[in-house]
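The chain contents come next:
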Amino acid sequence: MNLYIKYDMPVTCKRILQDVLDKFQLDYSMSSFWEIEIREDLSGQKLSELSSGLNNYGIEIVESHKSILVQKIKDAIIEMVYMEDKLPLSKTSSYLADKLKHRYGYISNLFSEVTYTSIENFIILQKIERAKQLLITNELTITEIAWKLNYSSVAHLSNQFKNVTGLTPSMFQRIINKRRMLKEEA
Amino acid sequence: MENGLIHVLLADDDEDDRLFFREAFEEIKVKTKVTLVNDGVELMNHLTHNGHPLPHILFLDLNMPFKSGMECLLEIRQNEHLKDIPIAIYSTSSSEEDIEDTFVRGANVYIKKPNNFDTLKKILEEVITINWQYHTSGLNKDIYLLNR
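Residues numbered from 1 in each chain as written. Chains lettered and ligands numbered in written order. Predicted model: local features only at pLDDT ≥ 70, side-chain atom pairs only at ≥ 80, totals over all residues. Heavy atoms only, no water.

Describe the interface of chain B and chain A, naming the residues involved and giving the relevant values.
At the interface, 32 residues of chain B touch 30 residues of chain A. In this assembly, chain B packs against chain A so that about 2,700 Å² is buried in total across both faces, 54% of it on carbon and sulfur atoms. The tally of links between chain B and chain A comes to three salt bridges. In this structure, R174(A) engages E100(B) in a salt bridge whose closest nitrogen and oxygen atoms are separated by 2.8 Å. On the surface where chain B and chain A come into contact, there are 14 residue pairs in polar contact (both at pLDDT 80 or more). With seven residues, the single largest contributor to the side of chain B that touches chain A is helix α5 (residues 117-136) of chain B. (Contact = heavy atoms within 4.5 Å. Buried area = accessible area lost by both parts, 1.4 Å probe. Salt bridge = Lys/Arg side-chain N within 4 Å of Asp/Glu carboxyl O. Polar contact = N/O pair within 3.5 Å; in protein donor to acceptor, adjacent residues only side chain to side chain. Helix = DSSP H or I, 4+ residues; strand = E, 2+ residues; numbered from the N terminus.)

Hey, could you go over a nonpolar patch on the surface for me, with residue numbers and the actual values?
A cluster of nonpolar side chains, contributed by M1(A), L3(A), I5(A), Y7(A) and M9(A), occupies part of the molecular surface with about 710 Å² of accessible area. Note on placement: L3(A) falls in the segment before α1 (9-23). (Patch = residues over 30% accessible without salt bridge, like charges linked within 9 Å, V, L, I, M, F, W, Y side chains within 5 Å. Areas by Shrake-Rupley, 256 points an atom, 1.4 Å probe, with all protein chains shown as cover.)

Report on unusual backbone geometry, specifying residues and quantitative values.
What is expected of a backbone is that most residues other than glycine have negative phi and most peptide bonds are trans. Residue and element names in this part refer to chain A. One non-glycine residue, Q25, lies in the positive phi region at around 50 degrees. With a phi angle near 60 degrees, N138 is a residue other than glycine that sits in the positive phi range. Within the secondary structure, N138 is located in the loop between α6 (119-137) and α7 (142-148). Judged by relative accessible area, which is 52%, N138 ranks as exposed. (Buried < 20%, exposed > 50% of the residue type's maximum accessible area, 1.4 Å probe, protein only.)

Give a detailed account of the packing of aromatic side chains, specifying residues and quantitative values.
Where two aromatic rings form a pair, the distance of their centres and the angle of their planes describe that pair. All names here are of chain B. What the rule picks out here adds up to eight aromatic pairs over all chains. With a centroid separation of 6.2 Å and an interplanar angle of 45 degrees, the aromatic rings of F20 and F117 are classed as tilted. In this pair, F20 sits in helix α1 (residues 15-27) while F117 sits in helix α5, placing the two residues 97 residues apart along the sequence. For F20, a relative accessible area of 43% gives the class partly exposed. Under the relative-accessibility criterion, F117 is labelled partly exposed at 23%. (Phe/Tyr/Trp six-rings, centres within 6.5 Å; stacked < 30°, edge-to-face > 60°.)

I'd like a description of empty space enclosed by the protein, backed by residues and values.
Evaluation of the coordinates by the stated rule reveals two cavities of 30 Å³ or more. For the largest cavity, the calculated volume is near 50 Å³. Taken together, L125(A), I128(A), E129(A), K132(A), V164(A), T165(A), I130(B), Y134(B), Y144(B), L145(B) and L146(B) form the lining of the largest cavity. Counting residues per element, the ones that place at least two in the lining of the largest cavity are α6 and α8 (154-165) of chain A together with α5 of chain B. Of all the elements, α6(A) adds the most residues to the lining of the largest cavity, at four residues. Put simply, the second largest cavity is a space of about 30 Å³. (1 Å grid on protein atoms, 1.4 Å probe; cavity = no way out; pocket = protein on both sides within 12 Å on 5 of 7 lines; lining within 4 Å. Points joined across faces, edges and corners; volume = space filled by probe spheres on them.)

Explain the sheet that holds strand β5 (residues 109-112) of chain B residue by residue, including any values.
Residues and elements named next belong to chain B. Taken in spatial order, the six strands line up as β2-β1-β3-β4-β5-β6 in an open sheet, and their pairing is parallel. Edge positions in the sheet fall to β2 (32-37) and β6 (146-147), since each of these pairs with one other strand and no more. In terms of strand pairing, strand β1 (residues 6-11) meets strand β3 (residues 57-61) through four bridges, oriented parallel. Residue pairing across strands places L10 opposite F59, the latter belonging to β3. Each of β1, β2 and β3 is contacted by helix α2 (residues 40-48), which is oriented at about 130 degrees to β2, the strand it contacts most. Together, β4 (87-91), β5 and β6 form the strand contacts of helix α4 (residues 96-104), whose direction differs from that of β5 by roughly 150 degrees. (Pairing = 2+ DSSP bridges. Axes fitted to C-alpha atoms, helices over the stretch in contact; angles between N-to-C directions.)

Shown next as structure tokens:
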């Protein structure tokens, strides 16, 4: 017996997409036939898995290589900045090249092309972000924070903090404390 | 997704300021879609009108007729649907007290209106770039404070 089959391609593709995305338990919506909005930040790892999951069906995430690698670079930087003890002392360029197994020049150019910022600026932003979080928990002194994040001195950290945020660390702390007080009153 | 269009909304009652602002965004390398509103009442209507996508960042003039920037700031931060919009205060004042007060009440960015166009361009480009990191790199918006 031969069965003759007719496909409704848009419906077929949409169902496959939905099945795969549901399997990954993502919060998403189909913005259009060509675009899916994922309402969470995917790690580079998860994006890779999703990409190969879709590839089984001949579906490709366009620009996948670039965005996946950029996400991996971000993950590696964030992992580095949030290390429990202390940031690695090796040069960050060799640290990242090692970790991602690409030449630093390559990842650095790619990063600037896709994110509107440079790796160097991104690292500074993340380090200051980490400093902010440490400042508001009040567990460490600013001297300890500077040491943990590999700043040569408190002045160096304070200067970079001021450059990035436009505020001194103490003004930053005061604002966050006042916000908390306002919330408690409300 | 990363290089998508960035939606920018500006509320300012001064026509010259609105014009400079739009021109500055046309000249910077980040691609933006700029929407302008003329005062606080128009702003709140725009934001609560269904169908408008929420902006990636709202630039808010402090001194506006009908409803001031500060009133808008407070309303937005108390509105469940709007409270996560990053807000950049755009003001002529550079007093530390004003700056601190707007931050305490929930602003994320404070920009002292510069008196020349090139500085404005430079500041807006920098703010947009950092703001973009808050959208794409999962930074914590509760501690997002930037003073320029």
